[in-house]
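# Analysis of the macromolecular model
The chain contents come next:
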Amino acid sequence: MTTLLFDEDRSAEIVAASFAGTPDPRLREVMTSLVTHLHAFVKDVRLTPGEWEAGIRFLTETGQMCDETRQEFILLSDTLGVSMLVESLANSAVSTQGDRLTEATVEGPFHVVASPSRELGADLNVAGEPGEPCVVTGRVVDASGVPVPGAKVDVWQANAAGFYDVQQPDEMGLGDLRGLFTTDADGSYWFRTIVPAHYPIPADGPVGRMLRQTGRHEWRPAHIHVEVSAPGLRRVTTHVFVAGSPYLESDTVFGVKESLIRDFVEVDDEAEAAAYGVANPFRTVEFVVALDAETTP
Ligand code: BEZ
Ligand code: FE
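These lines cover the structure that appears in this document, whether it is placed above or below. Quick caveat: nothing in here was measured; it's all calculated off a predicted structure. (Residues numbered from 1 in each chain as written. Chains lettered and ligands numbered in written order. Predicted model: local features only at pLDDT ≥ 70, side-chain atom pairs only at ≥ 80, totals over all residues. Heavy atoms only, no water.)

### A look at the coordination of the iron ion (ligand 2)
Tetrahedral coordination by four donors places them ideally at 109.5 degrees to one another around the metal; octahedral coordination by six donors ideally gives 90 or 180 degrees. Here the iron ion (ligand 2) is held by the protein donor atoms Tyr-164 (OH), Tyr-199 (OH), His-223 (NE2) and His-225 (NE2), which lie 1.9 to 2.1 Å from it. Spacing between the donor residues of the iron ion (ligand 2) along their common chain follows Y-x34-Y-x23-H-x1-H. You can see Tyr-199 sitting in strand β5 (residues 199-200) and its partner His-225 sitting in strand β7 (residues 223-229), a full 26 residues away along the chain. There is no split in this pair, since Tyr-199 and His-225 are both buried. (Donors = N, O, S within 2.8 Å, 3.2 Å for Na, K, Ca; no water. Helix = DSSP H or I, 4+ residues; strand = E, 2+ residues; numbered from the N terminus. Buried < 20%, exposed > 50% of the residue type's maximum accessible area, 1.4 Å probe, protein only.)

Below, the structure written as C-alpha cells:
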C-alpha cells in the first residue's frame, strides 16, 4: 500500500497521490496540478512560517470583505490577471473557420443591477449627468458576418466622473447608464450616452492594500461594458475602450485587448447632432460584435 509519509523532496508527489482515488477525472487532474504548482511555489520562494501566516491572514480578510455586492476574491483574481487568462482561454479570438470574433474581457463587479430594457436610440443618461454626449452605433453579426436580428445587447458604464450608478445610487438612481437593447432586422443597435471616464477599482480592502504595497495603481481605462447574446450563438462579455484614455497601457485588471479599442470620434455638426437628438458637439463610436456559433457539449 502507498504510504503518505511526508518527505520534503517528494512533497508534491505524495500529496498528489492522496487524490489518486478522486472519482471525477477532471477534479483529480485539477487537484493534482494545483498541489504540484503550490508546492513548487513554496519551494521556489522558500516561504517562511511568518509569510505563510501573512498569506493566510490576507486570504481570510479577502473572504471577510465579500458580501452580496462586494466580491473581493474576484477582484484579487482580476488584479492577478487570472480572470483575463480564464476568459481568453475560454473565448478564442478566431472561429474554427478562421473568422475573427469579438474578444472577451472581464465582467467586473458592477453588473449587479439588471439593465433596463430600452428602445433603440434611447439615452442611457437618464439622470442627466454632465459629460460629453456620445452616440454608440453597431451591429451584431455571426462569425461569417451575417447580421443577427433580435440579439440582446446589454451595456453598462461609468459616468464622466468615473462612477457607476451603484456607487452613487442617490445621485444617479439605479439603472442610470445601463440599457438592454434588442438588435433590429439588420442586426443593428444604437443608443445615446455620455463618454465614460477612467476610474479606480474598489481599493479600500485587501486587494487595494496589495496594490499599494507592490507599487501598483488601481486604475482602469475608460470603457463601456457590452454583453451580447443570441440564440444559437456564444455569448460574449466584453468592453469597448476609449482610444486615448489614460491607463489603456496599464489597466490594473489587464482587461485591454488591442481589438477592443475604438476612436470616439469628435463630431461638430449641428444637423447631425439634431438628427441623433444630442447636443453639438458630440462623439460617435461604432462597435460591431461578432459572435461564434454555440459549441455543442
Ligand atoms: C469594471 O470594469 O467594472 C471592473 C472590472 C474588474 C474589476 C473592477 C472593475
Ligand atoms: Fe467597468
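### Overview of the sheet that holds strand β8 (residues 236-242)
Taken in spatial order, the 5 strands make up an open sheet running β3-β2-β7-β8-β9, and their pairing is mixed. Two strands in the sheet have a free side with no partner beyond their single neighbour: β3 (178-182) and β9 (261-262). Where strand β2 (residues 152-157) and β7 come together, 6 bridges link them in antiparallel fashion. Paired with Lys-152 across the strands is Ser-229, a residue of β7. (Pairing = 2+ DSSP bridges.)

### Details of the site of ligand 1
Neighbouring ligand 1 are 13 residues, the closest being Pro-109, Tyr-199, Arg-220, His-223 and His-225. At 3.0 Å, a side-chain N or O of His-225 approaches an oxygen atom of ligand 1. Within the complex, 100% of the 260 Å² of free accessible area of ligand 1 lies under protein. Among the detected pockets, ligand 1 sits in the largest cavity. Elements with a minimum of two residues in the shell around ligand 1: α4 (72-79) and β7. (Near = heavy atom within 4 Å. Polar contact = N/O pair within 3.5 Å; in protein donor to acceptor, adjacent residues only side chain to side chain. Areas by Shrake-Rupley, 256 points an atom, 1.4 Å probe, with all protein chains shown as cover. 1 Å grid on protein atoms, 1.4 Å probe; cavity = no way out; pocket = protein on both sides within 12 Å on 5 of 7 lines; lining within 4 Å. Sits in = over half its atoms within 2 Å of the grid points.)

### Comments concerning the layout of surface pockets
If you add up the space inside the largest pocket, you get close to 660 Å³. Surrounding the largest pocket, 20 residues form its lining, Ala-54, Gly-55, Ile-56, Phe-58 and Leu-59 being those nearest its centre. Looking at the lining of the largest pocket element by element, the count peaks at 9 residues for helix α3 (residues 49-64). Its residues assigned to classes, the lining of the largest pocket comprises 13 nonpolar, 3 polar and 4 charged. Two domains each put at least three residues into the lining of the largest pocket: domain 1 (11-47) and domain 2 (72-291). Taken as a whole, the second largest pocket holds about 390 Å³ of empty space. In terms of lining, the second largest pocket is formed by 19 residues, of which the most central are Thr-69, Gln-71, Gly-108, Pro-109 and Phe-110. Contributions of two or more residues to the lining of the second largest pocket are made by α4 and α5 (82-90). In terms of residues, the lining of the second largest pocket owes the most to one element, α4, which gives 3 residues. Across the lining of the second largest pocket, the residue classes break down as 8 nonpolar, 5 polar and 6 charged. (Points joined across faces, edges and corners; volume = space filled by probe spheres on them. Nonpolar A, V, L, I, M, F, W, Y, C, P; charged D, E, K, R; others polar. Domains from an automatic or database assignment.)

### Thoughts on the side chain of Arg-118
Its location among the elements puts Arg-118 in the loop between α5 and β1 (133-142). For Arg-118, the contacting residues outside a window of four places in its chain are Leu-124, Val-126, Gly-175, Arg-178, Gly-179, Leu-180 and Phe-181. (Contact = heavy atoms within 4.5 Å.)

### What about the pattern of salt bridges?
According to the stated counting rule, one finds 12 salt bridges in the structure shown. Across the salt bridge formed by Glu-29 and Arg-26, the nearest N and O atoms sit 3.1 Å from each other. In this pair, Glu-29 and Arg-26 are both assigned in helix α2 (residues 25-45), 3 residues apart and thus about one turn of the helix distant. Assessed through its relative accessible area of 49%, Glu-29 is described here as partly exposed. For Arg-26, a relative accessible area of 53% corresponds to the exposed category. Each of Arg-70, Glu-72 and Asp-204 takes part in salt bridges that share partners, so that together they form one network. (Salt bridge = Lys/Arg side-chain N within 4 Å of Asp/Glu carboxyl O.)

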